[in-house]
Amino acid sequence: MHIHFRVYIVFIVLIIFSCKEDSNLNQTKDPNYNPIVANSVDRDLDEIKKDGVLKALVVYSSTSYFLYKGEAMGFEYELLTQLAKDLGLKLELVVSNDLDSQFEVLNRGDVDLIAHGMTITNQRKWEVDFTEYLYLTKQVLVQRKPENFRNMSWASLQKHLIHDPIELIGDTVSIRKNSAYYERILSLSNEMGGDIIIDTLSSELTTPEIIDMVAKGQIKYTIADENIAKINTSNQPILNIEVPISFSQRIAWVTRTKSVKFREVVNKWIIKQKKTVNYNVIYNKYFKNKRSFKRRIKSEYYSLKNNQISKFDNHFKRYAEKINIDWRLLASQVYQESRFDPEAQSWAGAEGLMQVMPATAEALGIEDISNPIESIKGGTKYLDQMYKYFSHIEDHENRMKFALASYNCGYGHVLDAQRLAEANNLNPNIWQNNVDKTMLALRLPKNYKKPFIKYGYVRGTEPVTYVQQIFERYEHYKQFISL
């Protein structure tokens, strides 16, 4: 009896295993079955909105996302900021440090959008899907002129340059392997019936960095999108980018294939944006304004050049250390106050880098409010005082938000907001989604006239925005500037 039962069980297991094998076999035989897409996460617009965060993968480059004079900038950065705002989402940027693994990062759900210009190709569509295209461009050859090109005749110079892609047969072009440029070189070799040798570069290198390698003579040739090549060679006359390698191509952002609803929303947004003047202004700012580009790359406060935010960084480090905070957070606060202008003055009478009021300056022992060092010294001392008032709050970041709000609008008003939070069954010791709400509510008579409110009306939008923007900027500083 037991033997028959065991045989029966084995028989059932074999049938189940056989069905699974048949199922897998059918899937592999199905020409439409795509294991990469099938195994990607099922995350679409509803899940993104539920989280309230737009997670975008960006590239740290001279056109996409960078820091200049303390401010985050870039074509993708500006568009993403507007997209997140229009969708009612908080923007979270993840900087890619390996361009070869971007599709993997997207498909496993770490981000919901790859936001840097990628050429739409059929090969890439096997793994992901593309948004509506952002702009059209073509690929060009980036080559270096001879060192003494300025002293050469035009005819002599032309002899040293390639004028047709067919001349690349047997020569070497340096590019990243998992790039549209790599695909194009393979197609070009096939079309011309001759081999172009491909030197594959690190996936950590961006196109502008590779262009610089050609300018320095480290590699002989590379391929780049024409708009990126034009702006990044505007300060390097030794480079030639006149030889086209492709026809016009569509450049877009990337989403998971499964994220159908999210892609539809982004597509509608892009189509609408491309019809606006603002879109063209942003595009021209990063891809056509050569004067602005040259000014940036010469600046000491350009993150792609130096690990520096402002000329006051050493003072920020010195005084931030005294009160045990990250100097980059202090730098973000100073940018918020004065944009690093020691002569800045507010409508309320605050002055200097840290916009200290004259009466506060006197109490802090600041003799010259316009002196940057004295302003930083006094301002950090005042911030530390505010921070110490909230010693009962254990979480440092949360406590710092209360301190910054107090710095902006006064400790008394923050206490009022805490009292109102408690009366409204909100947590008086948590800033976000609790006290920040009651701070905004103190603009209204029905709230600031309550008997337990001691300091009355406050323009609550100011401290709430102040704290929010300082911490948003601080996140950018942490991305770009090392401790």
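Look up: the structure comes first, before these words.
I will try to describe carefully the structure that is included in this document. Computed from a predicted structure; not experimentally measured. The numbering scheme is per chain: residues are counted from 1 as the chain's sequence reads. Per-residue local features of the predicted model are confined to residues with pLDDT of at least 70, and side-chain atom pairs are confined, for both listing and counting, to 80 or more; whole-chain, interface and lining totals are unaffected and use all residues. Calculated side-chain values reflect all of the structure's heavy atoms, with hydrogen atoms and water omitted.

A few points about the packing of aromatic side chains
- Two aromatic rings from Phe, Tyr or Trp, using only the six-membered ring of Trp, form a pair when their centres are within 6.5 Å; if the ring planes differ by under 30 degrees the pair is stacked, by over 60 it is edge-to-face, and anything between is tilted. For the structure shown, the criterion picks out 22 aromatic pairs.
- Their ring planes at 65° and their centres at 5.3 Å tell us that Phe75 and Phe287 sit as a pair that is edge-to-face. Of this pair, Phe75 sits in helix α4 (residues 75-87) while Phe287 sits in helix α11 (residues 277-287), and the two are 212 residues apart along the sequence.
- Taken together, the aromatic side chains of Phe75, Tyr135, Tyr279, Tyr283 and Phe287 make up a single cluster linked through ring pairs.
- Positioned above the aromatic ring of Tyr133, the side-chain terminus of Lys274 is 3.6 Å from the ring centre.
- Charge-over-ring contacts are defined here by two conditions on Lys NZ or Arg CZ: a distance within 6 Å of the ring centre and an angle within 35 degrees of the ring normal. Taking NZ or CZ as reference, Lys317 lies 4.9 Å from the ring centre of Trp327, over its face. A run of H or I in DSSP becomes a helix once it reaches four residues, and a run of E becomes a strand once it reaches two; helices and strands are each numbered from the N terminus.

Quick notes on the environment of Ile270
- Examined against the element boundaries, Ile270 turns out to sit in helix α10 (residues 260-273).
- Here, two residues are considered to be in contact whenever any of their heavy atoms come within 4.5 Å of each other. Each residue touching Ile270, except ones within four places of it in the same chain, is listed here: Thr131, Glu132, Tyr133 and Leu134.

Observations concerning helix α13 (residues 313-322)
- Type-normalised accessible area, obtained with a 1.4 Å probe on protein chains alone, sets the label of each residue: buried when under 20%, exposed when over 50%, and partly exposed for intermediate values. Here α13 has its buried residues at Asp313, Phe316, Tyr319 and Ala320. Angularly, the buried residues of α13 cover 135° about the axis, an arc narrow enough to put them on a single face. Turned more than 90 degrees away from the buried face of α13, the exposed residues are Asn314, Glu321 and Lys322.
- Against α14 (327-338) and α16 (372-389) lie the buried residues of α13. An arc is given here, and it is the one of the directions from the helix axis to the C-beta atoms.

Topic: α16
- With 18 residues, α16 ought to run about 26 Å at 1.5 Å a step, and its terminal C-alpha atoms sit 26 Å apart, in line with that.
- Three or more residues of α16 are buried, namely Ser375, Ile376, Gly378, Gly379, Thr380, Tyr382, Leu383, Asp384, Met386 and Tyr387.
- Summarising the contacts, the buried residues of α16 are in contact with α13, α14, α15 (358-364), α17 (396-409) and α18 (411-423).
- Nitrogen and oxygen atoms within 3.5 Å of one another constitute a polar contact, given that in protein one can donate a hydrogen and the other can accept it, and given that sequence-neighbouring residues count only through two side-chain atoms. One side-chain oxygen at the N-terminal end of α16 lies 3.0 Å from the backbone nitrogen of Ile373; it belongs to Asn371. Here a helix's expected span is defined as the number of its residues, less one, multiplied by 1.5 Å.

Details of the nonpolar core
- In these notes, a set of buried Ala, Val, Leu, Ile, Met, Phe, Trp, Tyr and Cys residues joined through side-chain atoms within 4.5 Å is what counts as a nonpolar core. Formed by 113 residues in total, the largest nonpolar core has its most connected members in Phe75, Leu80, Phe316 and Met400.
- The element contributing the most residues to this core is helix α21 (residues 461-480), with 8 residues.
- The contact partners of Met400, leaving out residues within four places of it in the chain, are Ile325, Leu329, Leu383, Tyr387 and Phe471.
- One finds Ile175, Ile185, Ile223 and Ile245 within the second-largest nonpolar core, a separate group that totals 14 residues.

Overview of the layout of surface pockets
- In this structure, the largest pocket encloses a volume near 1500 Å³.
- A 1.4 Å probe that fits but cannot get out identifies a cavity on a 1 Å grid over protein atoms alone, an open set with protein on both sides within 12 Å along at least five of seven lines counts as a pocket, and a residue lines either if it has an atom within 4 Å of a point. If you trace the largest pocket, you find 41 residues lining it, with Gln468, Gln469, Glu472, Arg473 and His476 closest to the centre.
- Taken together, the elements giving at least two residues each to the lining of the largest pocket come down to β3 (71-73), α4, β4 (90-95), α11, α14, α17, α19 (431-441) and α21.
- Sort the elements by how many residues they give to the lining of the largest pocket and α21 lands first, with 12 residues.
- The classification used treats Ala, Val, Leu, Ile, Met, Phe, Trp, Tyr, Cys and Pro as nonpolar, Asp, Glu, Lys and Arg as charged, and all other residues, Gly among them, as polar. Within the lining of the largest pocket, the residues separate by chemical class into 15 nonpolar, 12 polar and 14 charged. Grid points are joined across faces, edges and corners, and a volume is the space filled by probe spheres set on the points.

Regarding a negative patch on the surface
- A cluster of acidic residues, Asp341, Glu343, Glu367 and Asp368, forms a negative patch at the surface.
- By the secondary structure assignment, Glu343 is in the loop between α14 and α15.
- Residue Glu343 is classed as exposed on the basis of its relative accessible area of 58%. Patches here: salt-bridge-free residues with over 30% relative accessible area, like charges joined within 9 Å, nonpolar side chains (Val, Leu, Ile, Met, Phe, Trp, Tyr) joined within 5 Å. For accessible areas, the Shrake-Rupley method is used with a probe of radius 1.4 Å. Any residue's cover is judged against the shown protein chains and nothing else. By definition here, a salt bridge exists when the distance from a side-chain nitrogen of Lys or Arg to a carboxyl oxygen of Asp or Glu is within 4 Å. When charges are counted, Lys and Arg are positive and Asp and Glu negative, with His and the chain ends excluded. The location of each charge is read from NZ of Lys, CZ of Arg, CG of Asp or CD of Glu.

Function-wise, these values are silent; they only describe arrangement.
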